[in-house]
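Structural features, examined
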Amino acid sequence: VSVYISHLIQEGYILGRGYLLNKKERIYVIGSAIVDYYTVFPVDAFPEDGTMILDDVEFSVSYGGYAKNLTENLLKLDDNAACIFAIGDDTNGRELLEECRTYGMDVDDILVVPGQKTSSYLEIRSPERNKILVSAVDGKLLRYMTPKFLAEKQHKLKNAQIVAVEDGIPEESLRYLSASFSNIVMVATKLRRAQRYAPFLNQFNGMVV
């Protein structure tokens, strides 16, 4: 192709050539995207028989998760950021994806897993809202952040300014990323997960607790 272009330049059909360069390196965030459900524990929730019945409680629903939230806020700071996470092929996943688009997120690297529901998180707080009484998360889709899947993104990750990775992805994926790229920053979200990456922690470029 280069030879033909050179001939066209010599004959005057093409005046010159150039390359479009990405002048601002991206920040990639790898982790979770979740549907969040929040509610408050009523004062009179414990009847005499000990059975807990929560009637007429109000739930607030939003779309969150580490990767989604951090990318959203980086974009608000005018950073060139993109996220890599997995969602289900359900209504929640489609709505989450649509919200990402409204914030201007690049969704090209988001994995939609057929036949799976989007991950969810439930939080119940005290009436004063100052204490979490119950929290439960279904983060099963993080297991789809496999080394094989991430290897397909290696060109983008290698040329990123920073790759921030959540500690919730599989251990083999943490090992792959820390061994393959020099721009990896670990984000430790739960202390109990530390034993998974402690043996190779020195391979990360940095760590945020």
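Structure: see above.
Residues numbered from 1 in each chain as written. Predicted model: local features only at pLDDT ≥ 70, side-chain atom pairs only at ≥ 80, totals over all residues. Heavy atoms only, no water.

**Here's the deal with a nonpolar patch on the surface**
Together, Leu-201, Met-207 and Val-209 make up a nonpolar patch on the protein surface, roughly 290 Å² of accessible area in all. Locating Met-207 in the fold gives a position in strand 11 (residues 206-208). On the accessibility criterion, Met-207 (37% relative accessible area) is partly exposed. (Patch = residues over 30% accessible without salt bridge, like charges linked within 9 Å, V, L, I, M, F, W, Y side chains within 5 Å. Areas by Shrake-Rupley, 256 points an atom, 1.4 Å probe, with all protein chains shown as cover. Salt bridge = Lys/Arg side-chain N within 4 Å of Asp/Glu carboxyl O. Helix = DSSP H or I, 4+ residues; strand = E, 2+ residues; numbered from the N terminus. Buried < 20%, exposed > 50% of the residue type's maximum accessible area, 1.4 Å probe, protein only.)

**Overview of unusual backbone geometry**
Positioned with a positive phi, Arg-129 is a non-glycine residue whose angle comes to about 65 degrees. Following the sequence through the fold, Arg-129 ends up in the loop between strand 7 (120-125) and strand 8 (132-138).

**Comments concerning the nonpolar core**
Ranked by size, the top nonpolar core spans 26 residues in total, and within it Ile-30, Ile-84, Leu-157, Val-165, Ile-169 and Leu-177 carry the most contacts. Counting only elements with at least two residues in this core, the list comes to strand 1 (27-30), strand 4 (81-84), helix 4 (147-151), strand 9 (162-166), helix 6 (171-180) and strand 10 (184-187). A total of three residues in this core trace back to one element, the largest contributor, which is helix 6. Apart from residues lying up to four places away in sequence, Leu-157 is in contact with Tyr-28, Ile-30, Ile-84, Leu-150, Val-163, Leu-177, Phe-181 and Asn-183. Judged by nonpolar contacts, the second largest core, of 20 residues, contains Ile-27, Val-29, Phe-85 and Leu-96. (Core = buried A, V, L, I, M, F, W, Y, C linked by side-chain atoms within 4.5 Å. Contact = heavy atoms within 4.5 Å.)

**Regarding empty space enclosed by the protein**
Summed over all chains, the structure comprises one cavity of 30 Å³ or more. Surrounding the largest cavity, Gly-31, Ser-32, Ala-33, Ile-34, Phe-85, Ala-86, Ser-119, Gly-139, Leu-141 and Leu-142 form its lining. Considering only residue class, the lining of the largest cavity consists of six nonpolar, four polar and no charged. (1 Å grid on protein atoms, 1.4 Å probe; cavity = no way out; pocket = protein on both sides within 12 Å on 5 of 7 lines; lining within 4 Å. Points joined across faces, edges and corners; volume = space filled by probe spheres on them. Nonpolar A, V, L, I, M, F, W, Y, C, P; charged D, E, K, R; others polar.)

**Things to note about helix 2 (residues 66-76)**
Note that an α-helix has 3.6 residues per turn; residues three or four places apart therefore point the same way. Those residues of helix 2 that sit buried are Tyr-66, Ala-67, Lys-68, Thr-71, Glu-72 and Leu-74. Packed against the buried residues of helix 2 are strand 1, strand 3 (60-64), strand 4, helix 3 (91-102), strand 9 and strand 10. One or two steps after helix 2, the chain reaches Asp-78, where phi turns positive at roughly 70 degrees.

**Some details on the layout of surface pockets**
What the largest pocket holds in volume is close to 330 Å³. Taken together, 17 residues form the lining of the largest pocket, with Ser-32, Ile-34, Tyr-121, Val-137 and Lys-190 sitting closest to its centre. When contributions to the lining of the largest pocket are tallied by element, the ones reaching two or more residues are strand 2 (34-40), helix 2 and strand 8. Counting residues per element, the lining of the largest pocket draws most heavily on strand 2, at three residues. Grouping the amino acids of the lining of the largest pocket by side-chain chemistry returns six nonpolar, six polar and five charged.

**A few points about the packing of aromatic side chains**
Across all of its chains, the model carries three aromatic pairs by this definition. When the ring of Tyr-38 is compared with that of Tyr-121, the centres are 6.1 Å apart and the planes differ by 65 degrees; the resulting orientation is edge-to-face. Separated by 83 residues along the polypeptide, Tyr-38 in strand 2 and Tyr-121 in strand 7 bring together distant segments of the chain. Residue classification places Tyr-38 among the partly exposed positions, given a relative accessible area of 28%. With a centroid separation of 6.0 Å and 90 degrees between ring planes, the pair formed by Tyr-176 and Phe-181 is classed as edge-to-face. Residue classification places Phe-181 among the buried residues on the basis of a relative accessible area of 8%. (Phe/Tyr/Trp six-rings, centres within 6.5 Å; stacked < 30°, edge-to-face > 60°.)

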